[in-house]
Amino acid sequence: MLSVCDTPPAAGPALETRPVFPRNPDMKTPLLILGILTALIGLVWIAQGSGYFPYPRSSFMISQTKWVYYGACLALVGLFTIAFTRR
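Explain the overall build of the chain residue by residue, including any values.
Counting secondary structure elements, the chain contains two helices and zero strands. Taking all 87 residues of the chain together, the buried fraction comes to 16%. A separation of at least 24 residues holds for 52% of the contacts in the chain among residues at least 6 apart in sequence. Carbon and sulfur atoms form 69% of the exposed surface of the chain, whose accessible area is close to 7,500 Å².

If you want it as structure tokens, here you go:
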């Protein structure tokens, strides 16, 4: 008599692996441009928050440390977007 452990595994279709995000070649260029712009805006925020780019003079962001952190986070998001579109 056969036990449950003696039965061979069922032959079924192999599991397909899919990428986490579907690839759409039409979105590659717009996402790359968005990533570059996001990184550049983040760098401007870093420069304004640290006081290296005091323009416009009446800006509330000049010499405010929190804007350095906000800019760093935004620049990282931009860099991740660029890296994602380049893979």
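After that view of the structure, there is still more to cover.
Residues and numbers for helix 2 (residues 65-86), please.
Its 22 residues place the ends of helix 2 32 Å apart at the C-alpha level, agreeing with the 32 Å of an ideal helix rising 1.5 Å per residue. Taken residue by residue, helix 2 has Trp67, Gly71, Ala75, Gly78 and Thr85 as its buried positions. Down the axis of helix 2, the buried side of the element spans an arc of 85°, and every buried residue falls inside it. The exposed residues of helix 2 that point more than 90 degrees off its buried face are Tyr69 and Phe80.

Describe the packing of helix 1 (residues 28-50) against helix 2, listing the residues and the values that go with them.
A pair of packed helices is captured by two measures, namely the crossing angle of their axes and the spacing between those axes. With their axes 7 Å apart at the nearest point, helix 1 and helix 2 run at an angle of 160° to one another. Judged by the angle between their axes, helix 1 and helix 2 are roughly antiparallel. Between helix 1 and helix 2 lies a crossing of left-handed hand. Looking at the contact of helix 1 with helix 2 residue by residue, the class counts come to 15 nonpolar, ten polar and two charged.

So, helix 1: which residues are in play, and what are the values?
Its 23 residues give helix 1 an end-to-end C-alpha distance of 33 Å, which sits within 8% of 33 Å, the value for a rise of 1.5 Å per residue. Within helix 1, the full set of buried residues consists of Gly35, Thr38, Ala39, Gly42, Gln48 and Gly49. Residues of helix 1 that are buried sit in contact with helix 2. In the stretch just after helix 1, Gly51 is the one whose phi turns positive, near 90°.

Explain unusual backbone geometry residue by residue, including any values.
Residue Tyr55 is joined to Pro56 through a cis peptide bond whose omega torsion reads -15°. The phi angle at Ser63 is positive, at roughly 55°, despite the residue not being glycine. Here Ser63 shows up in the loop between helix 1 and helix 2.

I'd like a rundown of the environment of Thr85, residues and numbers included.
In this structure, Thr85 sits in helix 2. Here Thr85 falls in the buried class, since its relative accessible area comes to 5%. Residues Thr85 and Ile33 lie 52 residues apart in sequence; the distance between their C-alpha atoms is 9.8 Å. Dropping the residues within four chain positions of it, Thr85 is found in contact with Lys28, Leu31 and Leu32. Reaching out from Thr85, the side chain makes a polar contact with the backbone oxygen of Ile82 at a distance of 2.9 Å.

Definitions and cut-offs
Note that residues are indexed from 1 along each chain, following the sequence as it is written. Reporting of local features is limited, given that this is a predicted model, to residues whose pLDDT is at least 70; pairs of side-chain atoms are given and counted only at 80 or more, and all residues count toward the totals for whole chains, interfaces and linings. Excluded from the side-chain calculations are hydrogens and water; all other atoms, namely the structure's heavy atoms, are used. A run of H or I in DSSP becomes a helix once it reaches four residues, and a run of E becomes a strand once it reaches two; helices and strands are each numbered from the N terminus. Throughout this description, buried means an accessible area under 20% of the type-specific maximum (1.4 Å probe, protein chains only), exposed means over 50%, and partly exposed covers the range between. Any two residues whose heavy atoms approach within 4.5 Å at even a single point are treated as in contact. Residue burial considers only the protein chains on display, and all accessible areas are found by Shrake-Rupley using a 1.4 Å probe. Expected span of a helix, by definition, is 1.5 Å for each gap between consecutive residues, and there is one gap fewer than residues. By construction, the arc corresponds to the directions joining the helix axis to the C-beta atoms. Inter-axis angles, ranging from 0 to 180 degrees, are taken between N-to-C directions of lines fitted to C-alpha atoms, where helices are fitted over the stretch in contact. Just so you know how the angles are binned, under 35 degrees is roughly parallel, over 145 roughly antiparallel, 65 to 115 roughly perpendicular, and the rest oblique. For a crossing to be left-handed, the near helix must be turned anticlockwise from the far one by less than a right angle; the clockwise case is right-handed. In this classification, Asp, Glu, Lys and Arg are treated as charged, Ala, Val, Leu, Ile, Met, Phe, Trp, Tyr, Cys and Pro as nonpolar, and every other residue, Gly included, as polar. Nitrogen and oxygen atoms within 3.5 Å of one another constitute a polar contact, given that in protein one can donate a hydrogen and the other can accept it, and given that sequence-neighbouring residues count only through two side-chain atoms.

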